[in-house]
Amino acid sequence: MNILEGKIALRGEEWVAIIVSRFNHIITDRLVEGARDSFVRHGGNEERLDVIFVPGAYEIPFVLDRVLASGKYDAVCTLGAIIRGSTPHFDYVSAEATKGIANTTLKYDIPVTFGVLTTENIEQAIERAGSKVGNKGFEAMSGLIELIDLYRKF
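Now for a description of the structure that goes with this document. Small disclaimer: the values here were computed from a predicted structure and weren't measured. Numbering of residues starts from 1 in every chain and runs along the sequence as written. With pLDDT at 70 or above as the cut-off, local features in this predicted model cover only qualifying residues; side-chain atom pairs require 80 or more to be listed or tallied, and sums for whole chains, interfaces and linings still use all residues. Based on all heavy atoms of the structure, the side-chain values leave hydrogens and waters out of the count.

**Observations concerning the packing of aromatic side chains**
Given two aromatic rings, one states the distance between the centres and the angle between the planes to describe the pair. What counts, and what does not: Ring geometry is summarised as follows: Phe, Tyr and Trp rings, the Trp one being its six-membered ring, pair when their centres sit within 6.5 Å, and such pairs are stacked at plane angles under 30 degrees, edge-to-face over 60 and tilted between the two. Ring-over charges, as used throughout, are those where CZ of Arg or NZ of Lys falls within 6 Å of the ring centre and within 35 degrees of the ring normal.
Under the definition given, this model contains one aromatic pair. Ring geometry for Tyr-58 versus Phe-62: centroids 5.5 Å apart, planes at 65 degrees, classification edge-to-face. We note Lys-72 situated over the ring of Trp-15; from NZ or CZ to the ring centre the distance is 4.8 Å.

Listed below in C-alpha cells is the structure:
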C-alpha cells in the first residue's frame, strides 16, 4: 500500500495569499495573526505572503476567483467570521460564502483552504480565534501548507 500525504513545510519560494473579510475584524485580525504565524513558522518567506482584505465573507469568492485567475499565487487561505444574529442574514451569507469558495476552488488547480468561522455567538468566535479552541487561522494555513506539498506529488 502506498500512502501519499503532504508535509507541513514550505521551501520559502511559495507565493501565498490570505483573503480575509474586514467584517468582525476583532476576530478576523486574530485569524490573520494565526495564519501568518503558521506560514512563517513552517518556512514561509513573509515577503511572499499577501493579505487581501474584502468587506465581508460574502465577497471572498469574487476576489478569490480573481486571485486564482491571476496565476501569481501558489495557494490561497480564506478567512472570515460570520456570527449569527437575530435575522436570517447569517444563513444567507454563510451558505453563499461557503458555496462560492468551494465552487471557485474547483475551477483552478491551486490549493485553497476554508478558514471562515460560522459561529452562533461572539463567544464561540473568540474561542476559535486564539483562546480555548486554538486559532483556526493557524489551522487553515497549516492545512494549506500541507496541501501545497501534497499537490507537488501529482
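After presenting the structure, the write-up continues.
**Topic: the pattern of salt bridges**
Once their charged atoms are close, side chains differing in charge can pair, the charge on each being opposite to the other. The cut-off we apply is this: Here, a salt bridge means any side-chain nitrogen of Lys or Arg that lies within 4 Å of a carboxyl oxygen of Asp or Glu. Here a strand is any run of E in DSSP of at least two residues, a helix any run of H or I of at least four, and the numbering for each starts at the N terminus. Throughout, exposure labels follow a simple rule: accessible area from a 1.4 Å probe, protein chains only, divided by the maximum for the residue type, with under 20% read as buried, over 50% as exposed, and the rest as partly exposed.
If you walk through the whole model with that rule in mind, you get 14 salt bridges. For Asp-37, the salt bridge is made with Arg-41, and the minimal N-O distance between the two is 2.9 Å. Of this pair, Asp-37 and Arg-41 both sit in helix α1 (residues 25–41), four residues apart, roughly one helical turn. By relative accessible area, Asp-37 is classed as partly exposed at 27%. The salt bridge involving Lys-72 is made with Asp-50; its shortest N-O contact spans 3.2 Å. With Lys-72 in the loop between α2 (60–70) and β3 (75–83) and Asp-50 in strand β2 (residues 49–54), the pair connects residues that are 22 residues apart, well separated along the chain. Accessibility expressed as a relative area gives 41% for Lys-72, which makes it partly exposed.

**Side note on the side chain of Thr-105**
The condition is simple: Between N or O atoms, a polar contact is any pair within 3.5 Å; within protein, one atom must be a potential hydrogen donor and the other a potential acceptor, and residues adjacent in sequence are included only when both atoms are from side chains. Contacts are assigned to residue pairs that have any heavy atoms within 4.5 Å of one another.
Tracing the backbone shows Thr-105 in helix α3 (residues 89–106). For Thr-105, a relative accessible area of 18% corresponds to the buried category. Side-chain polar atoms of Thr-105 contact the backbone oxygen of Ile-101, separated by 2.7 Å. In this structure, Thr-105 is in contact with Leu-64, Ile-110 and Val-112, ignoring residues within four places of it in sequence.

**Some points on the sheet that holds strand β1 (residues 16–21)**
Stated precisely, the cut-off is as follows: Two strands are counted as paired when DSSP detects at least two bridges linking them. Note on method: axes are straight lines fitted to C-alpha atoms, helices fitted across the in-contact stretch only, with angles between N-to-C directions ranging 0 to 180 degrees.
Read across the open sheet, the four strands follow the order β2-β1-β3-β4; overall the sheet is parallel. Edge positions in the open sheet fall to β2 and β4 (112–119), since each of these has one partner strand only. With direction set aside, neighbouring strand axes in the sheet form an average angle of 15 degrees. As judged from the five bridges shared by β1 and β3, these two strands associate in the parallel manner. Bridge assignment links Val-16 to a residue of β3, and that residue is Ala-75. Contacts from α1 reach β1, β2, β3 and β4 within the one sheet, and its direction differs from that of β3 by about 155 degrees.

**Description of the pairing of β2**
Each regular strand carries side chains that alternate between the two faces of the sheet. Definition in use: With its strands directed away from the observer, a crossover is right-handed exactly when the path from the first strand over the helix to the second travels clockwise.
Of the strand pairs in this sheet, β1 and β2 are connected by six bridges, and their pairing is parallel. Looking across to β2, one finds that Ser-21 is bridged to Val-54. Taking the sense of rotation as the criterion, the β-α-β connection linking β1, α1 and β2 turns out right-handed.

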